[in-house]
Amino acid sequence: MKLRPLADRVIVKRIESETKTASGIFIPDNAAEKPDQGEVLAVGPGKKNDKGELGAMSVKVGDRVLFGKYSGQTVKVDGDELLVMKEDDLFAVVEK
């Protein structure tokens, strides 16, 4: 199944956080926090302004983004857990 986001929505896959601390201690899955970074898998066409023109999206497929821990709606697609969220829910793009 393939998802195509509408309007100003994006599809994001969480990037798993480290399961080991800098000092070498392993963090169990039930104690780890939800990752707040992800990779953009799909981008909608943009949001229409008052004149009916599409506004350009500021993220693109492949961008690594930061978002709130509880942002977006979780969906399962082909066994993968993905997030569908509005572009406004994104905080920043991580530059490499």
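Everything below is about the structure printed above this text.
Conventions we followed
- All residue numbers refer to positions counted from 1 along the written sequence of the respective chain.
- Thresholds applied to this predicted model are a pLDDT of at least 70 for local features of residues and 80 or more for the giving and counting of side-chain atom pairs; totals over whole chains, interfaces and linings are not thresholded and use all residues.
- To get the side-chain values, all heavy atoms of the structure are used, and hydrogens and water are removed first.
- Only DSSP runs of H or I with at least four residues qualify as helices, and only runs of E with at least two residues qualify as strands; both kinds are numbered from the N terminus onward.
- Think of it in three bands: residues with accessible area under 20% of the maximum for their type are buried, residues over 50% are exposed, and the middle band is partly exposed, with areas taken using a 1.4 Å probe on protein chains only.
- Two residues qualify as a contact provided that any one of their heavy atoms is within 4.5 Å of a heavy atom in the partner residue.
- Throughout, the Shrake-Rupley method with a 1.4 Å probe supplies accessible areas, and for residues the shown protein chains are the sole cover considered.
- Each pair of strands is called paired provided DSSP finds at least two bridges between the two strands.
- When a carboxyl oxygen of Asp or Glu lies within 4 Å of a side-chain nitrogen of Lys or Arg, that pair is called a salt bridge.
- Axes here mean lines fitted to C-alpha atoms, for a helix over just the part in contact, with angles spanning 0 to 180 degrees between N-to-C directions.

Engineer: Break down the overall build of the protein for me, citing the residues and quoting the values.
Structural biologist: Secondary structure summary: the protein contains zero helices and six strands in total. When the elements of the protein are put in sequence order from the N terminus, they spell out β-β-β-β-β-β. When the 96 residues of the protein are sorted by exposure, 26% land in the buried category. Of the contacts made within the protein by residues no fewer than 6 positions apart, 62% connect residues no fewer than 24 positions apart. Accessible surface, the protein: about 7,000 Å² in total, of which carbon and sulfur atoms supply 51%.

Engineer: How would you sum up the pairing of strand β2 (residues 37–43)? Please name residues and give values.
Structural biologist: Two elements, strand β1 (residues 9–14) and β2, share five bridges in a ladder whose sense is antiparallel. From the neighbouring strand, K13 faces β2, where its bridge partner is E39. In terms of strand pairing, β2 meets strand β3 (residues 64–67) through three bridges, oriented antiparallel. Residue pairing across strands places Q37 opposite L66, the latter belonging to β3.

Engineer: Can you tell me about the pattern of salt bridges, naming the residues and giving the values?
Structural biologist: With the rule as written, the count across this model stands at two salt bridges. The residue D80 makes a salt bridge to K13 at a minimum N-O spacing of 3.8 Å. One end of the pair, D80, is in strand β5 (residues 80–86); the other, K13, is in strand β1, with 67 residues separating them in the sequence.

Engineer: Can you lay out the sheet that holds strand β4 (residues 73–77) for me, pointing to particular residues and giving the numbers?
Structural biologist: Read across the sheet, six strands follow the order β4-β5-β1-β2-β3-β6 without closing on themselves; strand pairing throughout is antiparallel. For this open sheet the edge positions go to β4 and β6 (90–94), each flanked by a neighbour on one side alone. The sheet shows a mean angle of 40° between the axes of neighbouring strands, taken without regard to direction. In this sheet, β6 lies alongside β3 in antiparallel orientation, the contact comprising four bridges. From the neighbouring strand, R64 faces β6, where its bridge partner is V94.

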